[in-house]
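Topology and contacts: notes
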Amino acid sequence: MNFRIGVISGDGIGPEIVREARKVLDQVASKYGHAFEYAELLLGGASIDVHGVPLTEETVRQAKTCDAVLMGSIGGDAKTSPWYRLEPSKRPEAGLLGIRKALNLFANLRPAYLYEELRAACPLREDISAAGFDMLIMRELTGGLYFGARKTEEVDGVLTAVDTLSYNEYEIRRIAKRAFDIAMKRRKKVCSVDKANVLDSSRLWRKVVEEVAKEYPEVELSHMYVDNCAMQLVMNPAQFDVILTENMFGDILSDEASMVTGSIGMLSSASLNDTKFGLYEPSHGSAPDIAGQDRANPIATILSAAMMLRYSFDLDEEADRVEAAVRTVLKEGYRTGDILSEGCTCVGTARMGDLIAERI
Ligand code: NAD
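Residues numbered from 1 in each chain as written. Predicted model: local features only at pLDDT ≥ 70, side-chain atom pairs only at ≥ 80, totals over all residues. Heavy atoms only, no water.

1. Things to note about the overall build of the protein
Note the following rule: In this description a helix means any DSSP run of H or I spanning at least four residues, a strand means any run of E spanning at least two, and both kinds are numbered starting from the N terminus. Radius of gyration means the value over C-alpha atoms here, while the globule rule gives 2.2 Å times the residue count to the 0.38 power. Relative accessibility under 20% of the residue-type maximum defines a buried residue, over 50% an exposed one, and the middle range a partly exposed one, all with a 1.4 Å probe and only protein chains included. In what follows, a contact means two residues having at least one pair of non-hydrogen atoms within 4.5 Å. In this tally Asp and Glu are treated as negative and Lys and Arg as positive; neither His nor the chain ends contributes. Lysine's charge is taken at NZ, arginine's at CZ, aspartate's at CG and glutamate's at CD.
Helix and strand content of the protein: 12 helices and 14 strands. Taking 360 residues into account, the globule formula puts the C-alpha radius of gyration at 21 Å, and the protein, at 21 Å, falls close to it. Seen through its C-alpha atoms, the protein measures out along the principal axes to roughly 60 × 50 × 40 Å. Within the span of the protein, comprising 360 residues, buried residues form 52% of the whole. Of the contacts made within the protein by residues no fewer than 6 positions apart, 74% connect residues no fewer than 24 positions apart. In the protein, 42 side chains carry a positive charge and 54 a negative one; their mean positions are 2 Å apart.

What follows is the structure, given as structure tokens:
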């Protein structure tokens, strides 16, 4: 099959980790007889250096001609980089918010998976980490409290701030459908997280999710209050498959879930719209402290490329193959510096990419 992939190498370690993900994708293409065509796109600091702005219309136009976009990471050191002397709307991060909006990426997916080999990095109690976990947090990304009307005003001489949390049934239905579709590719369980004992927006959320669930009789749906979910993630993370939740709850829970894995260089992510299109990127930043030193862990980006194969291209077998290659390399004891433990072999960014590509 033929696919056109937009590539945003970005800043800091971005170009190094994206190079390794492309190595793996090229190996997949040659093993399975696919053709991947790459279009280089500028975003963030790299775009500021060339065009003076973090996102251009040309980047958006080009991205829309692609089947999916693979991104490294953007941004620099806020203390030393000249990009941070620009006004906030012209800084690298504004480019990322801009492209998400321009491409209508409303569904954010963050898997949290505990590799047996990296269990020592998991901060949970040993009897809990021994059970392992493999979950995916599906967070609504373009609605809710972060996008509602807000104001700060004086009411009867007292400063008062208001933020608005609003969802309509259309916004809830489209993300719920995404979550159920993805659960069908996994262990067929969705846990919808809300605060329906207090919030009207949560009560509507629950009602619409239940309606959508009727279209997916094979998927088991459960509901959980967000405060309970925050506890369950550290007490019994093995219970979760897909967690579906609104924007702010998802912001907090996805960070909590990824941190219980203990390994920032391993965490992939995807942002999807209502077509097959998605933007795939590691959850970590551009790590300017180690940029250009062959020390970055490329695995989060390689796993993001695997998500792209699975969710945008429906190449499940190829995605399984990439994930299995990562597990094999870890089992063989190869580690980048960030996940190094005693008795393992320390390798650089490029070597890690080679090892994974060789095992496809
Ligand atoms: P960071 O994730 O870049 O780095 C935090 C720490 O983790 C650093 O010590 C870094 O060396 C290490 N680290 C991160 N990724 C690694 C990898 N793949 N391999 C090995 N070590 C890794 O977070 P930060 O330092 O807070 O942010 C740096 C820049 O990244 C900032 O400009 C920030 O705005 C940007 N950022 C971008 C994104 C994105 O592109 N989506 C996300 C978060 C932060």
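2. Examining the sheet that holds strand β1 (residues 2-10)
Threshold: Between any two strands, pairing holds if DSSP finds at least two bridges. Fitting a line to C-alpha atoms yields each axis, with helices limited to the stretch in contact; the angle taken between N-to-C directions then spans 0 to 180 degrees.
Strands sit in the order β2-β1-β3-β12-β11-β4-β5-β10-β8-β9 across an open sheet of 10 strands; the sheet is mixed. Of all the strands in the sheet, just β2 (35-40) and β9 (220-225) have a single pairing partner and so form its edges. Pairs of neighbouring strands in the sheet enclose a mean axial angle of 25°, with direction left out of account. In this sheet, strand β5 (residues 134-140) lies alongside strand β4 (residues 107-113) in antiparallel orientation, the contact comprising 7 bridges. Considered in β5, the bridge of Y113 is made with D134. In the packing of helix α6 (residues 169-184) onto the sheet, the strands contacted are β4, β5, β8 (189-194), β9, β10 (242-245) and β11 (268-272), and the crossing angle to β5 comes to about 165°. Lying over the sheet, helix α7 (residues 200-213) contacts β5, β8, β9 and β10, oriented at roughly 170° with respect to β9.

3. Some words on the site of the ligand
The criterion, for reference: Here a residue is considered near a molecule or strand provided that any single heavy atom belonging to it is located within 4 Å of it. The definition of a polar contact used here is a pair of N or O atoms within 3.5 Å, where within protein one atom must be able to donate a hydrogen and the other to accept one, and adjacent residues in sequence count solely through side-chain atom pairs. All accessibility values rest on the Shrake-Rupley procedure with a 1.4 Å probe; residue burial counts only the protein chains present in the view. By the convention adopted, Pro, Cys, Tyr, Trp, Phe, Met, Ile, Leu, Val and Ala count as nonpolar, Lys, Arg, Asp and Glu as charged, and the other residues, Gly among them, as polar.
Around the ligand, the surrounding shell holds 21 residues, and the nearest of these are G76, E93, G285, A287 and N297. Take H284: an N or O atom from its side chain is 3.1 Å from a nitrogen atom of the ligand. At 2.9 Å, a side-chain N or O of D289 approaches an oxygen atom of the ligand. Protein contact buries 68% of the 820 Å² of open area that the ligand shows by itself. At the level of elements, β3 (68-73) and α4 (92-102) are the ones that each hand at least two residues to the shell around the ligand. When its residues are assigned to classes, the shell around the ligand shows 10 nonpolar, 7 polar and 4 charged.

4. A closer look at the packing of helix α1 (residues 14-32) against helix α11 (residues 316-331)
The geometry of a pair of packed helices is captured by two quantities: the angle between their axes and the separation between those axes. Threshold: Working rule for angles: under 35 degrees goes down as roughly parallel, over 145 as roughly antiparallel, 65 to 115 as roughly perpendicular, anything else as oblique. Crossing handedness: left-handed means the near helix sits turned counterclockwise from the far one by under a right angle, and right-handed means the same turn made clockwise.
In the contact formed by α1 and α11, the axes pass within 11 Å of each other and the chain directions differ by 130°. As summarised for this structure, α1 and α11 are arranged oblique, according to the angle between their axes. In this structure, the crossing between α1 and α11 has a hand that is right-handed. On α11, the residues that touch V24, V28 and Y32 of α1 are E317, E318, R321 and V322. Of the residues assigned to the contact of α1 with α11, the class counts are 4 nonpolar, no polar and 3 charged.

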